[in-house]
Structures are given as C-alpha cells and as structure tokens.
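Next come the chains, spelled out residue by residue.
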Amino acid sequence: DRPVMPGTALLEMAVAAFRHVQPQAAAVELRDVTFLSPLAVDTQAGTRARLLMTSVEGEYHFRVQSATADGDWATHALGVAGEGDPEPGPCDLD
C-alpha cells in the first residue's frame, strides 16, 4: 500500500498556483472541483506531480496530474479557480 495525498493538498496546489498568477486577488474561490482518482505517493522512488492552469476568459481552469510508469500523465483533480469575495455572505447548504 502506498500513502495517498489528501484531497485538500490538491486544492492547496490550485490555490497556490492561482495566487502565483493573480497575486493581487484578495481571496481565492475554487469551483466545479472534481476528484477523479487518488494521487498515491511512492515513498521509495518519489512521485512526479504537476498542476496545469489555463486562463479562459478571466477564470483559471486547473488540472492536478502525476506521472505514470509508462510516461503518461494521470489526472487526479480538476476545477476552476477565480477571485473570490474576501467577505462572503452566508452559505445555504440545502
């Protein structure tokens, strides 16, 4: 068994990438996040991971991937990052 990166770590990668390209943003909002598969970590050989971010009409679509044994890239999470409201109002979960 290999350890798995928590989903929150993948989200933190997206937040860090967004803050890198939009440092003036007061807050970050992640939307439409989909977790596709766990990102397992090889503690012996290491694991290559990357975050791809593409600007589309003021939003940033992101994709977290890791290298596979055959040299391809497996996608583990994807979503949209954008500037959020620094003082959001109440959230209705119903």
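Whatever comes next refers back to the structure up there.
Rules of the game
- Residues numbered from 1 in each chain as written.
- Predicted model: local features only at pLDDT ≥ 70, side-chain atom pairs only at ≥ 80, totals over all residues.
- Heavy atoms only, no water.
- Helix = DSSP H or I, 4+ residues; strand = E, 2+ residues; numbered from the N terminus.
- Buried < 20%, exposed > 50% of the residue type's maximum accessible area, 1.4 Å probe, protein only.
- Contact = heavy atoms within 4.5 Å.
- Areas by Shrake-Rupley, 256 points an atom, 1.4 Å probe, with all protein chains shown as cover.
- Lys, Arg positive; Asp, Glu negative; His and termini not counted.
- Charge placed at Lys NZ, Arg CZ, Asp CG, Glu CD.
- Salt bridge = Lys/Arg side-chain N within 4 Å of Asp/Glu carboxyl O.

Draft legend 1. Region of the structure containing the overall build of the protein. Per the secondary structure count, the protein includes one helix and four strands. Shown N-terminal to C-terminal, the secondary structure of the protein runs as helices and strands in the order α-β-β-β-β. Seen through its principal axes, the protein has C-alpha atoms that stretch 45 × 30 × 20 Å. The buried share among the 94 residues of the protein stands at 23%. If you take every contact in the protein between residues at least 6 apart in sequence, the share linking residues at least 24 apart comes to 54%. Entry remark: accessible area of the protein is about 6,400 Å², with carbon and sulfur atoms responsible for 50%. Of the side-chain charges in the protein, 6 are positive and 14 negative, and the distance between the mean point of each set is 11 Å.

Draft legend 2. Quick look at the pattern of salt bridges. Overall, the coordinates contain two salt bridges when judged by the stated rule. We note a salt bridge from Glu29 to Arg31, for which the minimum N-O separation is 3.9 Å. Arg31 serves as the salt-bridge partner of Glu59, at 2.5 Å between the closest nitrogen and oxygen. Of the two residues, Glu59 sits in strand E3 (residues 59-67) while Arg31 sits in strand E1 (residues 28-35), which places them 28 residues apart along the sequence. Overlapping salt bridges, with partners in common, bring together Glu29, Arg31 and Glu59 in one network.

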